[in-house]
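# Chain and residue survey
Letter by letter, the chains look like this.
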Amino acid sequence: GFEVSVSAYPERHPQSPSNAHDLDVLAAKVDAGADRAITQMFFDNDHFLHLRESARRRGIEIPIVPGIFPIHSFPETAVFAARCGTTIPPEVAERFDGLAGSRTATHRVAAELCAHQIADLVDHGVEQVHIYTLNRADLVLDVCERLGLAEREQTT
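Opposite charge on two side chains makes pairing possible when the charged atoms of those side chains draw close. Counted under the stated rule, the structure contains 5 salt bridges. Between Glu53 and Arg57 there is a salt bridge whose closest N-O contact spans 3.7 Å. With Glu53 and Arg57 both in helix 2 (residues 45-57) and 4 residues apart, the pair spans about one turn of that helix. Given a relative accessible area of 58%, Arg57 falls into the exposed group. In this structure, Arg108 engages Glu112 in a salt bridge whose closest nitrogen and oxygen atoms are separated by 3.4 Å. In this pair, Arg108 and Glu112 are both assigned in helix 5 (residues 103-123), 4 residues apart and thus about one turn of the helix distant. In the salt-bridge network here, residues are joined through shared partners; they are Arg95, Arg108 and Glu112.

Okay, helix 2 next. Compared with the 18 Å implied by 1.5 Å per residue over 13 residues, the 18 Å span of helix 2 between its first and last C-alpha is a close match. Where helix 2 is concerned, the buried positions are Asn45, Phe48, Leu49, Leu51, Ser54 and Ala55. Where helix 2 is buried, its residues contact strand 1 (5-8), helix 1 (19-31), strand 2 (36-41), strand 3 (64-68) and helix 5. Two residues or fewer past helix 2, Gly59 is found with a positive phi of approximately 90°.

Okay, the confidence of the model for the protein chain next. Looking at the protein chain as a whole, the pLDDT averages 93, with 97% of positions reaching at least 70. Between the elements of the protein chain, mean pLDDT differs from a low of 92, seen in helix 6 (residues 137-146), to a high of 98, seen in strand 3.

Looking now at the packing of helix 5 against helix 6. Running from N to C, helix 5 and helix 6 cross one another at 50°; their axes reach a closest spacing of 9 Å. Here helix 5 lies oblique to helix 6, going by the angle between them. The interaxial crossing formed by helix 5 with helix 6 has right-handed handedness. For the pair helix 5 and helix 6, the contacting residues are His107, Arg108, Ala110, Ala111, Glu112, Cys114, Ala115 and Ile118 in the first and Asp138, Leu139, Asp142, Val143 and Arg146 in the second.

Quick notes on the rules
- Residues numbered from 1 in each chain as written.
- Predicted model: local features only at pLDDT ≥ 70, side-chain atom pairs only at ≥ 80, totals over all residues.
- Heavy atoms only, no water.
- Salt bridge = Lys/Arg side-chain N within 4 Å of Asp/Glu carboxyl O.
- Helix = DSSP H or I, 4+ residues; strand = E, 2+ residues; numbered from the N terminus.
- Buried < 20%, exposed > 50% of the residue type's maximum accessible area, 1.4 Å probe, protein only.
- Expected span 1.5 Å × (residues − 1).
- Contact = heavy atoms within 4.5 Å.
- pLDDT = per-residue confidence, 0-100.
- Axes fitted to C-alpha atoms, helices over the stretch in contact; angles between N-to-C directions.
- Parallel < 35°, antiparallel > 145°, perpendicular 65-115°, else oblique.
- Left-handed = near helix turned anticlockwise from the far one by under 90°.

Structure follows, in structure tokens:
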């Protein structure tokens, strides 16, 4: 057995004329056999919640899994987000002000923000998330630890 996972956009796809068009595309993917959708990154949970509600109203019943992107480097993430049409809320951006030279501080803030975002989604009934790791297992492990989902082995 296998599953077919497809993409979904909490914020309109950069080449899409409208959110309604994005829902049409997602519905076509479901009609073609998609088992679930994993969203592109987003930093404002309201975008995901709106997508989920709009999809349900449209009759799209497959699981829609939020794609969570820990911000490992704010400057790099901001450039990537702009290309993807993803907004970064000012309160998120402000958390990274002055941290460009500190990998440790950036890591800590990223883990805090990501864990908070996931906890809020869980409070809104989300049962699964997809974390874009980008080969940064330590950051994802820190997020999981903050959520009480993992514990690092202590070395002596």
